[in-house]
Amino acid sequence: MKAALFLNQRLELRLDGVVDAIRNGFIKKGYESKLVRSTSDCVDCDIIIYECPQDWDIPDFKVQGKVFVYTTTIRTEKGLHTPLDYVNPKILEHSSQLTGILTAGCNEKALSIYRNAGLTVVNMPGNIPLDESQYYDMGAERNLNSVFIGNAYHKSEQFKKFIVPFSHEVECLFIAPPGNEEVVNMAKGEKRFLSLNAASVNDLFNRSKLVPVIHWPRQPELNPRLITAVGSGALPISDNEFLVKRFYDGLIPCSDDPSEWISIAKRYLADEEQRRSLVKRLREICVKRYSNVALVEKLEAA
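What comes next is a walk through the structure.

Criteria and cut-off values
Residues numbered from 1 in each chain as written. Predicted model: local features only at pLDDT ≥ 70, side-chain atom pairs only at ≥ 80, totals over all residues. Heavy atoms only, no water. Salt bridge = Lys/Arg side-chain N within 4 Å of Asp/Glu carboxyl O. Helix = DSSP H or I, 4+ residues; strand = E, 2+ residues; numbered from the N terminus. Buried < 20%, exposed > 50% of the residue type's maximum accessible area, 1.4 Å probe, protein only. Contact = heavy atoms within 4.5 Å. Core = buried A, V, L, I, M, F, W, Y, C linked by side-chain atoms within 4.5 Å. Pairing = 2+ DSSP bridges. Axes fitted to C-alpha atoms, helices over the stretch in contact; angles between N-to-C directions.

**Quick look at the pattern of salt bridges**
Under the counting rule described, the total for this entry stands at 16 salt bridges. Residue Glu132 pairs with Arg283 through a salt bridge whose shortest N-O separation is 3.0 Å. Remark: Arg283 occurs in helix H10 (residues 272–289) and Glu132 occurs in the loop between strand E6 (120–123) and strand E7 (144–149); sequence separation between them is 151 residues. What makes Arg283 buried here is its relative accessible area of 17%. Here the residues in one salt-bridge network are Asp249, Lys280, Arg281, Glu284 and Arg289, joined through shared partners.

Here's what the structure looks like:
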C-alpha cells in the first residue's frame, strides 16, 4: 500500500508537525509514504492528500486512488467568519475527481455543503493528529503548575480576559514567539520569547500539570494544544466551551468564565489523583479517536 502527501515546497515548514504526524500514521498502518510534487507521482498511490489553502487551484487528479483535499481556512484579523468562509469553491468544482476533504473545521453549515457535493468529510480536530512518537508521557516529574505555549498576539483579547487573571492566581511559565512581548508581559510569571520544535514542546508539557488554552472568538476548530498537551500527559483548561464540549466526551475542563478557570486549576492542582485519572481518560480517547492511526483508518473507510 502507498500513500502520498502532495505539498507545495514552501508549505512544508508551515505544516512541519502535521506532515510528520500524518506520515507516521501511514507508516504505522503499513503504508509506504512519500511527499510528491505532481499528479504523475500519485498514480500508484492508494491514498493521496493534497494540501490546499483557500485561494489555491486544484490539479486534475486522474488516478485510481482515493484523493482527499486537506483544506485550510484564511482567518480575518479578528477571527470572525461566516460559514461560507470555510467553503473552497475550487474543491466543489473538482468534486467528481475527489473522495473527500480533510479538515479541522467544525462549522456544520460549511461541511454540509461539501457533503451535498458528494464529498466525504474527514475531520482532524486541532489541525494535527496525535503522533505518539512526538507527544507522549515520559513519566517525568511535573514540577510546573502550568505552562502557556503559543502565539498570544493574535488572541490578545482572549489572553487578557483569561490568561492574565489566571497567571495572578496560578504559577505559569510563558513560551511565546518573538513579537508577543507586549501582550505576554501583561501576565505574571516567567517569560521566554522563542519558537519551539515538537520535542521541546513535548518536554515542557511533560513537566507541567496544567496547560491553559485559548481560542479565537467563535473559532470553529480546536486549538492544537488540546491534542498535543493531552498526548504529553498534561491537563488542558480551555475557553470556547460550546466547541470544546463537543470533543473528548465533554471531559476537558472548560469555561467561558475566567474566574471559573482559577477554581478549576486550583481543584486539579490540589487533587493529584483526580487530575491524573482525568488525563489518563482523555489520553485514551485521544489515541482512539484523534491520533494519526485513527485518521488513516478514517481515510481508508471513506
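Following the structure, the description resumes.
**A closer look at the environment of Val279**
Counting through the fold element by element, Val279 comes out in helix H10. Look at Val279 and you get buried, because its relative accessible area is 7%. Here the alpha-carbon distance between Val279 and Leu102, two residues 177 residues apart in the chain, equals 27 Å. Ignoring sequence-local partners within four residues, the contact set of Val279 consists of Gly233, Ala234 and Leu235.

**Topic: the nonpolar core**
Residues Phe148, Phe159, Phe174 and Tyr248 are the most contacted members of the largest nonpolar core, which totals 53 residues. Once residues within four sequence positions are removed from consideration, Phe174 is found in contact with Phe148, Phe159, Ile163, Ser167, Val184, Ala187, Lys188, Gly189, Glu190, Lys191 and Arg192. Core analysis: the next-biggest nonpolar cluster, separate from the first, contains 23 residues, Val69, Val87, Ile101 and Leu111 among them.

**What to know about the sheet that holds strand E5 (residues 100–103)**
Paired through their backbone hydrogen bonds, the strands of a sheet run either parallel or antiparallel. Spatial strand order, E2-E1-E3-E4-E5-E6: six strands in an open sheet with parallel pairing. Both edges of this open sheet fall to strand E2 (32–36) and E6, since each of them pairs with a single strand only. Averaged over all neighbouring strand pairs, the angle between strand axes comes to 25°, with direction disregarded. As defined by bridge partners, strand E4 (residues 66–71) adjoins E5 across three bridges and the pair is classed as parallel. Bridging from a neighbouring strand, Phe68 pairs with Gly100 of E5.

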